[in-house]
Amino acid sequence: MANGQKFNVYLISTSCYSDVQQDPNVNLFKGLLATCGYDVIELGSTEALPETSNQDLVFYDAASKENKLSDFYQRNGHARWVLFNLQPGELDECEAIIAGVEGTFYASDSPELLLKGVRRLGKMDVWFKRGSINEALRRMRQYARRPAITKARANRQPDTGVHPKLTKRELTIIELVSKGSQNQEIADQLHISVNTVKTHIYSIFRKTHSRNRIELLSWSQNYMSEQL
């Protein structure tokens with residue numbers, strides 16, 4: 001860790017493998033991180049990522065992934081994840097914001113804009129387009145504007161008989177996800193490990209045919225509407 005650097009900074013990209021052709025966008029990003037004085041730990045895959053703290057920064061090269069958030073969902077719970085090397089239109093930024101990603105950078109961004117964003121992240125800020133933040137806020141407000149459903153959720157105790165496929169613990173986790181809780185918060189409240197929370201969430205996704213938390217929230221609201 002560099003002198004004065006209070007958190008670890010990781011850069012994850014297949015370009016970090018020695019036998020892979022270097023991506024110029026990744027090299028540019030490395031240079032910008034160095035300009036900001038970061039001591040960067042380069043990794044070739046998320047499997048090599050060690051245990052991280054809540055302040056650590058993980059810059060993830062999403063260029064080669066079809067599902068840009070898949071690795072984030074698998075490792076969500078610790079560290080501040082930032083997706084870079086994106087192409088315009090290939091990521092729902094609102095989903096990323098609600099899921100807990102800290103920022104996004106695009107291959108078309110100018111070096112000046114990239115540098116500004118990296119510095120903001122170093123100050124514990126997030127880095128997204130203002131329009132995406134506003135749209136994410138509108139979506140979250142829409143989820144909150146269902147008084148009948150919200151009241152039903154508040155008064156209902158999770159019951160394994162409510163949905164034949166879901167367990168009592170899974171229903172509890174859906175309630176917490178609906179309130180915006182992240183994996184670490186769920187783990188702390190239920191006194192279980194983050195990995196156990198992830199296992200439950202993957203099971204919930206499979207049982208509800210949801211691909212991410214946005215679709216799970218939609219499923220939850222529609223299902224609760226049917227129960228009223």
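Being a predicted model, the structure only gives us computed values, none of them experimental.

Calculation rules
- Residues numbered from 1 in each chain as written.
- Predicted model: local features only at pLDDT ≥ 70, side-chain atom pairs only at ≥ 80, totals over all residues.
- Heavy atoms only, no water.
- Axes fitted to C-alpha atoms, helices over the stretch in contact; angles between N-to-C directions.
- Helix = DSSP H or I, 4+ residues; strand = E, 2+ residues; numbered from the N terminus.
- Parallel < 35°, antiparallel > 145°, perpendicular 65-115°, else oblique.
- Left-handed = near helix turned anticlockwise from the far one by under 90°.
- Contact = heavy atoms within 4.5 Å.
- Nonpolar A, V, L, I, M, F, W, Y, C, P; charged D, E, K, R; others polar.
- Pairing = 2+ DSSP bridges.
- Core = buried A, V, L, I, M, F, W, Y, C linked by side-chain atoms within 4.5 Å.
- Buried < 20%, exposed > 50% of the residue type's maximum accessible area, 1.4 Å probe, protein only.
- Expected span 1.5 Å × (residues − 1).
- 1 Å grid on protein atoms, 1.4 Å probe; cavity = no way out; pocket = protein on both sides within 12 Å on 5 of 7 lines; lining within 4 Å.
- Points joined across faces, edges and corners; volume = space filled by probe spheres on them.

J.: Describe in detail the packing of helix 7 (residues 168-178) against helix 8 (residues 183-190), supporting the description with residues and values.
T.: Running from N to C, helix 7 and helix 8 cross one another at 130 degrees; their axes reach a closest spacing of 10 Å. As the angle between them shows, helix 7 and helix 8 are arranged oblique. At the point where helix 7 passes helix 8, the crossing takes the right-handed sense. Residues Arg169, Thr172, Ile173, Leu176 and Val177 of helix 7 pack against Ile186, Gln189 and Leu190 of helix 8. Along the lines of polarity and charge, the residues of the contact of helix 7 with helix 8 split into five nonpolar, two polar and one charged.

J.: Could you give me a rundown of the sheet that holds strand 3 (residues 57-61), with the residues and numbers involved?
T.: Strand order in the open sheet formed by five strands is 2-1-3-4-5, with parallel pairing between adjacent strands. Whereas interior strands pair on both sides, the edge strands pair on one side only; in this sheet they are strand 2 (40-43) and strand 5 (103-106). Strand-to-strand twist of the sheet, defined as the mean angle between neighbouring strand axes without regard to direction, takes the value 20 degrees. Across three bridges, strand 4 (residues 80-86) lies against strand 5 in parallel orientation. From the neighbouring strand, Val82 faces strand 5, where its bridge partner is Gly103. In the packing of helix 4 (residues 111-122) onto the sheet, the strands contacted are strand 3, strand 4 and strand 5, and the crossing angle to strand 5 comes to about 165 degrees.

J.: I'd like a description of the packing of helix 7 against helix 9 (residues 194-208), backed by residues and values.
T.: For the pair helix 7 and helix 9, the least separation of the axes is 10 Å and the interaxial angle reads 90 degrees. Judged on the interaxial angle alone, helix 9 and helix 7 are roughly perpendicular. In contact with Arg169, Glu170, Ile173 and Ile174 of helix 7, helix 9 contributes His200, Ile201, Ser203, Ile204 and Lys207.

J.: Tell me about the nonpolar core, and name the residues and values.
T.: Counting residues in hydrophobic clusters, the biggest one holds 25 residues, and the most contacted among them are Leu49, Val58, Leu69, Phe72, Trp81, Leu83 and Val101. For Leu83, the contacting residues outside a window of four places in its chain are Tyr60, Lys68, Leu69, Leu91, Val101, Gly103, Thr104 and Phe105. Counting residues in hydrophobic clusters, the runner-up holds 18 residues, among them Phe7, Phe84, Phe105 and Leu121.

J.: Give a detailed account of helix 9, specifying residues and quantitative values.
T.: Across its 15 residues, helix 9 extends 21 Å between first and last C-alpha, which sits within 8% of the 21 Å expected from 1.5 Å per residue. Those residues of helix 9 not exposed but buried are Val194, Val197, Lys198, His200, Ile201, Ser203, Ile204, Phe205, Lys207 and Thr208. Phi turns positive one or two residues past the end of helix 9, at His209, with a value near 60 degrees.

J.: How would you sum up empty space enclosed by the protein? Please name residues and give values.
T.: The gaps of empty space that remain are located by a probe, the size of a water molecule, rolled over the atoms. Taken as a whole, this structure holds three cavities of 30 Å³ or more when the rule is applied. Estimates place the volume of the second largest cavity at around 60 Å³. Around the second largest cavity, the lining residues are Asn25, Leu28, Phe29, Phe84, Asn85, Tyr106, Ala107 and Leu114. Only helix 1 (24-35) and strand 4 provide two or more residues apiece to the lining of the second largest cavity. When residues in the lining of the second largest cavity are grouped by element, the largest group, three residues, is from helix 1. In terms of residue class, the lining of the second largest cavity is built from six nonpolar, two polar and no charged.

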